Amino acid sequence: GYMKTKGELFEWCNTVEKHLFTSLVPSVGLIYEVKLKRKGESDSPNTLHFLGIPDPLVANMWNKSYEWQVSYGSWTLSKRNNGTLYYIAGDDFDSPYSDWIKLTVWRYGTKIHLWVNGIYLGGFTETSFTYGYMGIGMMEQDADVSPLLVDSAKVWYSPTPPYPLY
């Protein structure tokens with residue numbers, strides 16, 4: 001089965017993994033990979049939270065975390081600290097709007113590396129958060145039903161990247 005949520009119109013809906021993870025294991029990276037799809041609309045954002053602390057929620061968003069927000073065709077990487085969002089990077093990518101996509105994060109040392117469907121988006125230097133929880137979020141921006149489906153979500157440690165760094 002899938003994890004599925006319809007969300008609330010113009011509200012964030014979030015999940016959190018119950019285990020605390022750290023990216024401070026020497027010479028080993030932390031990988032977070034989620035396979036998801038949005039049924040229906042393509043504009044509403046989907047978010048991976050990683051190395052974060054959800055409590056206390058601020059407007060249904062995590063208090064502290066890295067946030068990789070993906071709408072089909074574009075993405076942004078930010079960090080949220082005490083409820084304030086700070087932009088790190090963002091761009092466009094090619095993706096069919098209603099297909100499954102696999103989002104992969106590899107935190108290795110001071111770098112955050114991102115892939116969509118195994119295609120490398122880049123590596124970004126960031127040192128603010130070194131431990132925390134993982135989670136998935138979504139917002140419904142259209143009155144039509146467009147639930148978020150999650151096929152899989154997993155976290156593991158690896159000294160090598162899951163996909164090529166190019």
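This text goes with the structure placed above it.
Residues numbered from 1 in each chain as written. Predicted model: local features only at pLDDT ≥ 70, side-chain atom pairs only at ≥ 80, totals over all residues. Heavy atoms only, no water.

### Overview of the nonpolar core
Reasoning step 1: Leu36, Phe50, Trp68 and Trp75 are the most contacted members of the largest nonpolar core, which totals 29 residues.
Reasoning step 2: Those elements giving two or more residues to this core turn out to be strand S4 (29-38), strand S5 (46-53), strand S6 (64-71), strand S7 (74-81), strand S9 (101-108), strand S10 (111-116), strand S12 (131-139) and strand S13 (148-158).
Reasoning step 3: Ranked by the residues each element gives to this core, the list is headed by S4, at four residues. (Core = buried A, V, L, I, M, F, W, Y, C linked by side-chain atoms within 4.5 Å. Buried < 20%, exposed > 50% of the residue type's maximum accessible area, 1.4 Å probe, protein only. Helix = DSSP H or I, 4+ residues; strand = E, 2+ residues; numbered from the N terminus.)

### Concerning the pattern of salt bridges
Reasoning step 1: The tally for this structure, following the rule as stated, stands at three salt bridges.
Reasoning step 2: The partner of Asp151 in a salt bridge is Lys35, and the shortest N-O contact between them spans 3.7 Å. In this pair, Asp151 sits in strand S13 while Lys35 sits in strand S4, placing the two residues 116 residues apart along the sequence.
Reasoning step 3: The exposure class assigned to Asp151 is partly exposed, which follows from its relative accessible area of 32%.
Reasoning step 4: A residue is classified by how much of its surface remains accessible, and Lys35, at 28% relative accessible area, is partly exposed.
Reasoning step 5: In this structure, Lys79 and Glu126 form a salt bridge, with 3.4 Å as the shortest nitrogen-oxygen distance. (Salt bridge = Lys/Arg side-chain N within 4 Å of Asp/Glu carboxyl O.)

### Considerations on the packing of aromatic side chains
Reasoning step 1: Scanning the model with the defined rule gives six aromatic pairs in all.
Reasoning step 2: For the pair Trp75 and Phe124, a centre-to-centre distance of 5.8 Å together with 55 degrees between the ring planes defines the contact as tilted. Here Trp75 is found in strand S7, whereas its partner Phe124 is found in strand S11 (residues 119-125), with 49 residues between them in sequence.
Reasoning step 3: Consider the rings of Trp115 and Tyr163, whose centres lie 6.0 Å apart with planes at 55 degrees: the pair is tilted. You can see Trp115 sitting in strand S10 and its partner Tyr163 sitting in the segment after S13, a full 48 residues away along the chain.
Reasoning step 4: Since its relative accessible area comes to 23%, Tyr163 is described here as partly exposed.
Reasoning step 5: Directly above the ring of Trp100 sits Lys35, whose terminal nitrogen or CZ lies 5.8 Å from the centroid. (Phe/Tyr/Trp six-rings, centres within 6.5 Å; stacked < 30°, edge-to-face > 60°. Lys NZ or Arg CZ within 6 Å of the ring centre and 35° of its normal.)

### Quick notes on the environment of Ala153
Reasoning step 1: Structurally, the position occupied by Ala153 is in strand S13.
Reasoning step 2: Counting along the chain gives 117 residues from Ala153 to Leu36, while the straight-line C-alpha distance between them is 8.7 Å.
Reasoning step 3: Once you skip the residues sitting within four places of it in the chain, Ala153 turns out to touch Glu33, Val34 and Ile136. (Contact = heavy atoms within 4.5 Å.)

### Thoughts on the pairing of S4
Reasoning step 1: In terms of residue burial, S4 counts as a mostly covered element, since nine of its ten residues are buried.
Reasoning step 2: Sheet topology places S4 next to S13; ten bridges connect them, and they run antiparallel. Bridge pairing links Arg38 to Leu148 in S13.
Reasoning step 3: In the sheet, S4 pairs with S9 via seven bridges, with the strands oriented antiparallel. Note on S9: the bridge partner recorded for Leu36 is Ile101. (Pairing = 2+ DSSP bridges.)

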